[in-house]
Amino acid sequence: MKRRLLLLLPLAIPSLVVAALVFGHDPVEFDAAQPWIHRTDDFVGSQTCRTCHLDHHDSWERTYHRTMTQRVTPETIQGAFDGREVRYEGQTARVFRDGDRYFFELPDAQGRREAEVVLAVGSRRYQQYFEREQHDEGFIFRRLPFLWHIDEQRWLHLNTVFLGPDDANWNKARARWNDNCVFCHNTGARPGETHRVSSGGQRQFNSEVAELGIACESCHGPGRRHAESERSPVGRYTTYAGKRSTRDIVNPAELEPQREIEVCGQCHGQRLPVDRAHLAAWLQTGPTYRSGNDLTDHVIPVVRTTPSPTEQIPDLFKLRFWNDGTPRLSAYEYQGIAMSACHAEGTLKCGSCHTMHGGDPKGMIEPEMRGDAACTSCHTKIAQDIRSHTGHVETSSGSRCLDCHMPRIVYGILEVHRSHFIEIPDAARDAETGRPNACTLCHLDRSLLWAARESRRIWGDAFRDPLHRFDRAPLELPDATTSLLAGDAVQRVVFASAAGRPGSDLTPAEKTDMRVALAVATGDGYPSVRWTARRSLLALEREWDTGLSSLLADWDHTAASTRTDMAYDLLDRMASSAPPIEGAPSVLLLPDGSINMERILALLDLQEDRVIDIGE
Amino acid sequence: MNDDATRKTLVLGWALLALFLPLGLTLEALHALKLPVYLDSEMRREMWTLAHAHGNLLGILCLVFAVVAAKAIPDDAARASIARWLRWGAVLMPFGFFLGGVLNHEGDPSWGIALVPVGGLFLLVALMRTAWAAWRS
């Protein structure tokens, strides 16, 4: 009998496997059952994709797309919730944790209140936090007032990171996740607006997403039909044998360039719903665009001339672009590339340089497309003789394709990024329209008039002299210094950033004017300009130590009340420590080494009065 | 152990070990050298790891069979037949796994994997018949 039972052994193992599959943990089911997650509209979640696409799932898992929105756990929280107090404009918050729960203690009308963090957005440069407000028939995730800056390892009030003037209103940036961030920082967003106002007067939402963060189906489209059609091994091997094409899923790499850039442009290109019907759908069931569609059937990409939907801010969109129509804020990369001849008249698409499944997650650029290769892989003739094309020696930054054709003129939360409008620098156009010029972002001591004449000398008569500067400052003055003082807030932050960037051919002594202009910028009325000026001055101090480092390092740039004192303090120290160097003529220092306040004030007077206030 | 069937099985056992033990070293080397052609394909890694494991285990099984076959399966004809089934299974299974990791797809092995169930069937028959013969003896 016992021997006969032994013969049943081969059946035992398969039976155990079947039992484990039936009763064991199923990651697909587990994900689908989490709060705020839906499985409607044919979305299935990345765990389902992982079943077959292990390698692509692994490579996506490394990206900041995946971690764009996360539930709060000790593993996902990056901020220091260590009980410290963080100050802004005379009020204090306290950040602390209780076990695995994280809190802000905030000032409010009744005194103090505790806000529990339930959602974290961002994981690369900074992380923002959201609390949950429960209403009668829905909930709101509300943004908390401080973000964690990952590189600097410090808390910053949101008012100080967006491009706006000092503002003591703590709640200015308390955005609602449900009809803002939800769209692009998640997959398959369904805001679920209930169209009922709560007893507290709030719009109410029952928001869900197919997946927190930007996952497979954001770019490949909802995957249910694909997953079902590919479940049969016979079907799959028929596909492998070339007898059947893979259906029901979009591979952006196989789309024609315009459709491909629209896949990225659904988020990396600010847009408005195409009409009221689409807007209503957006707020209830989410964006109607799916990968592979014509994006313009669903949304209108915002350009400089797009009318503002609100009368209170007539320049709402105009301010987001340079006067020649080039985007000057991040999240307009689609508009930039769509304007570029390489795309409009060629075959350039996002995937020409970027990859979602390889390379460094920072920037997501194909390893072989880093630097000049991004351009020279197509422009092969130029690559054969770079010097004759650029008029600069091969090793100079003037011979780097991206520095001239994709200059860093785009602001995005305390950073200045490359423009995605691939263009030819034109000093006359840039002077007259008041936008930064690629030449003078590097030649910080030169004027736009000089840049125009050098362009003509190197590349011919297509380049004319500018007639005037947009800000009406003298054309002969160095553009960087002038723009840093007389430009609008975006110009100031762009040049403040350029001044501290490594790679300039100028000697530290030749940057004296930039140091003085940066010192003036520490007194700027925009905290993001002060942040950038402070960072650049610290970078310049590392090149040439004039004893300002500790003063700058200890300074809290977010405190508006200290800005004027800081600027004057720095100018005083510069006047005593940095006399003009022979052979390095200065426009902001007088021959005796004192500060040319008359010129500084004259340039500051040229700044536009118009307030630029651009949140995210 | 002197009959032809067990001798062939013995030779095959050592041959499988000679092939699939060094495969383990090769896989370690691919890890050490961080070769993307191996490391970037989860499917290939799984297939070749299975080939390594099955090749060695089945090699050992062949050696054990060669040692105990005469005692466990007294009937010469049955022993020869079972040894043949065992040898085919022991060859097809690890090679099927290995070939499954050559020119494989991201979520599926290549056509070579078809050898695995065939080999598995051969092995199952060999093992069942061995168990039956041993029980009857």
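Summarised in this report is the structure supplied together with it. (Residues numbered from 1 in each chain as written. Chains lettered and ligands numbered in written order. Predicted model: local features only at pLDDT ≥ 70, side-chain atom pairs only at ≥ 80, totals over all residues. Heavy atoms only, no water.)

**Here's the deal with the overall build of chain A**
Okay, step 1: Scanning chain A from N- to C-terminus turns up 28 helices and 18 strands.
Okay, step 2: Taking 25 Å as the expected radius of gyration for a compact globule of 616 residues, we find that chain A reaches 28 Å, a close match to that expectation.
Okay, step 3: A principal-axis box enclosing the C-alpha atoms of chain A has dimensions of 110 × 65 × 55 Å.
Okay, step 4: Counting every position in chain A, which comprises 616 residues, the buried fraction comes to 50%. (Helix = DSSP H or I, 4+ residues; strand = E, 2+ residues; numbered from the N terminus. Rg over C-alpha atoms; globule rule 2.2 N^0.38 Å. Buried < 20%, exposed > 50% of the residue type's maximum accessible area, 1.4 Å probe, protein only.)

**Quick word on the interface of chain B and chain A**
Okay, step 1: Opposite the 14 residues of chain B that make contact, chain A presents 13 residues.
Okay, step 2: The contact between chain B and chain A buries some 1400 Å² in all, and 54% of this surface belongs to carbon and sulfur atoms.
Okay, step 3: Summed over the three residues of chain B that lose the most area to chain A, namely Glu106(B), Asp108(B) and Trp135(B), the buried surface amounts to 45% of that side.
Okay, step 4: Sorting elements by how many residues they give to the side of chain B that touches chain A places helix 5 (residues 115–136) of chain B first, with three residues. (Contact = heavy atoms within 4.5 Å. Buried area = accessible area lost by both parts, 1.4 Å probe.)

**Observations concerning the nonpolar core**
Residues and elements named next belong to chain A.
Okay, step 1: The biggest cluster of nonpolar side chains holds 69 residues, and the ones touching the most others in it are Val161, Leu484, Val494, Val516, Leu518, Leu570 and Ile612.
Okay, step 2: Those elements that place two or more of their residues in this core are strand 17 (408–412), helix 22 (479–486), helix 23 (489–499), helix 24 (512–521), helix 25 (527–543), helix 26 (549–554), helix 27 (563–577) and helix 28 (597–605).
Okay, step 3: For this core, the element with the most residues is helix 23, which contributes eight residues.
Okay, step 4: Residues contacting leucine 518, with those up to four places away along its chain left out, are Leu484, Ala496, Ala499, Ala533, Ser536, Leu537 and Leu540. (Core = buried A, V, L, I, M, F, W, Y, C linked by side-chain atoms within 4.5 Å.)

**Details of the packing of helix 22 of chain A against helix 24 of chain A**
All names here are of chain A.
Okay, step 1: With their axes 9 Å apart at the nearest point, helix 22 and helix 24 run at an angle of 10° to one another. On the basis of the axis angle, helix 22 is roughly parallel to helix 24. In contact with Ala480, Thr481, Leu484 and Leu485 of helix 22, helix 24 contributes Asp513, Met514, Ala517, Leu518, Val520 and Ala521.
Okay, step 2: When its residues are assigned to classes, the contact of helix 22 with helix 24 shows eight nonpolar, one polar and one charged. (Axes fitted to C-alpha atoms, helices over the stretch in contact; angles between N-to-C directions. Parallel < 35°, antiparallel > 145°, perpendicular 65-115°, else oblique. Nonpolar A, V, L, I, M, F, W, Y, C, P; charged D, E, K, R; others polar.)

**Some remarks on empty space enclosed by the protein**
All names here are of chain A.
Okay, step 1: Summed over all chains, the structure comprises three cavities of 30 Å³ or more.
Okay, step 2: Each pocket or cavity is described by its volume, and for the largest cavity that value is around 310 Å³.
Okay, step 3: For the largest cavity, the lining is made up of 25 residues, of which Phe183, Gln266, Pro287, Tyr289 and Arg290 are closest to its centre.
Okay, step 4: Elements that contribute at least two residues to the lining of the largest cavity include exactly helix 6 (181–184), strand 11 (186–187), helix 7 (216–220) and helix 11 (276–285).
Okay, step 5: In terms of residue class, the lining of the largest cavity is built from 11 nonpolar, 11 polar and three charged.
Okay, step 6: Approximately 50 Å³ is the volume found for the second largest cavity. (1 Å grid on protein atoms, 1.4 Å probe; cavity = no way out; pocket = protein on both sides within 12 Å on 5 of 7 lines; lining within 4 Å. Points joined across faces, edges and corners; volume = space filled by probe spheres on them.)

**Some thoughts on the pairing of strand 18 (residues 415–418) of chain A**
All names here are of chain A.
Okay, step 1: Of the pairings in the sheet, the one linking strand 17 to strand 18 comprises four bridges and is antiparallel in character. Counterpart to arginine 408 in the pairing with strand 18 is arginine 418.
Okay, step 2: In this structure, the hairpin formed by strand 17 and strand 18 is closed by a connection of two residues, where isoleucine 413 is found at a positive phi of approximately 40°. (Pairing = 2+ DSSP bridges.)

**Quick notes on the sheet that holds strand 4 (residues 101–108) of chain A**
To summarise the sheet geometry, strands pair through backbone hydrogen bonds and adopt either a parallel or an antiparallel arrangement.
Residue and element names in this part refer to chain A.
Okay, step 1: Pairing is antiparallel in the open sheet, where four strands are placed in the order 2-3-4-5. A single partner strand is all that each edge strand has here, and the edge strands are strand 2 (85–88) and strand 5 (111–116). With strand direction ignored, the average angle separating the axes of adjacent strands in the sheet is 25°.
Okay, step 2: The sheet contact formed by strand 4 and strand 5 spans six bridges and is antiparallel. Pairing of aspartate 108 across the sheet is with glycine 111, part of strand 5.

**Quick notes on helix 11 of chain A**
A turn of α-helix holds 3.6 residues, and therefore any two residues three or four places apart point the same way.
All names here are of chain A.
Okay, step 1: Of all the positions in helix 11, only His278, Ala281, Trp282 and Leu283 are classed as buried.
Okay, step 2: On its buried face, helix 11 sits against helix 6, strand 12 (193–197), strand 13 (203–205), strand 15 (271–273) and strand 16 (299–301).
Okay, step 3: Of the residues flanking the start of helix 11, the one acting as N-cap is aspartate 275, its side-chain oxygen 3.2 Å from the backbone nitrogen of alanine 277.
Okay, step 4: Two residues or fewer past helix 11, glycine 286 is found with a positive phi of approximately 95°. (Polar contact = N/O pair within 3.5 Å; in protein donor to acceptor, adjacent residues only side chain to side chain.)

**With respect to the packing of aromatic side chains**
Okay, step 1: Enumeration according to the criterion identifies 24 aromatic pairs over all chains in this entry.
Okay, step 2: With a centroid separation of 4.9 Å and 45° between ring planes, the pair formed by Trp85(B) and Phe122(B) is classed as tilted. One end of the pair, Trp85(B), is in helix 4 (residues 76–100); the other, Phe122(B), is in helix 5, with 37 residues separating them in the sequence.
Okay, step 3: What makes Trp85(B) partly exposed here is its relative accessible area of 31%.
Okay, step 4: The class for Phe122(B) is partly exposed, based on a relative accessible area of 21%.
Okay, step 5: Three or more aromatic residues link up through ring pairs in this structure, and these residues are Phe81(A), Tyr102(A), Phe104(A), Tyr129(A), Trp148(A) and Trp155(A).
Okay, step 6: Over the face of the ring belonging to Phe139(A) we find Arg132(A), whose NZ or CZ atom lies 4.2 Å from the ring centre.
Okay, step 7: One residue, Arg328(A), lies across the ring of Trp322(A), its end atom 4.7 Å from the ring centre. (Phe/Tyr/Trp six-rings, centres within 6.5 Å; stacked < 30°, edge-to-face > 60°. Lys NZ or Arg CZ within 6 Å of the ring centre and 35° of its normal.)

**Overview of the environment of His220(A)**
All names here are of chain A.
Okay, step 1: Along the chain, histidine 220 falls in helix 7.
Okay, step 2: With relative accessibility at 25%, the residue histidine 220 sits in the partly exposed group.
Okay, step 3: The spacing of histidine 220 and isoleucine 249 is 29 residues in sequence and 6.1 Å in space, taken between C-alpha atoms.
Okay, step 4: Apart from the residues lying within four places of it in its own chain, the contact partners of histidine 220 are Ile249, Val250, Asn251, Pro252, Ser291 and His357.
Okay, step 5: Looking at histidine 220, its side chain comes within polar contact range of the main-chain oxygen of valine 250, at 2.8 Å.

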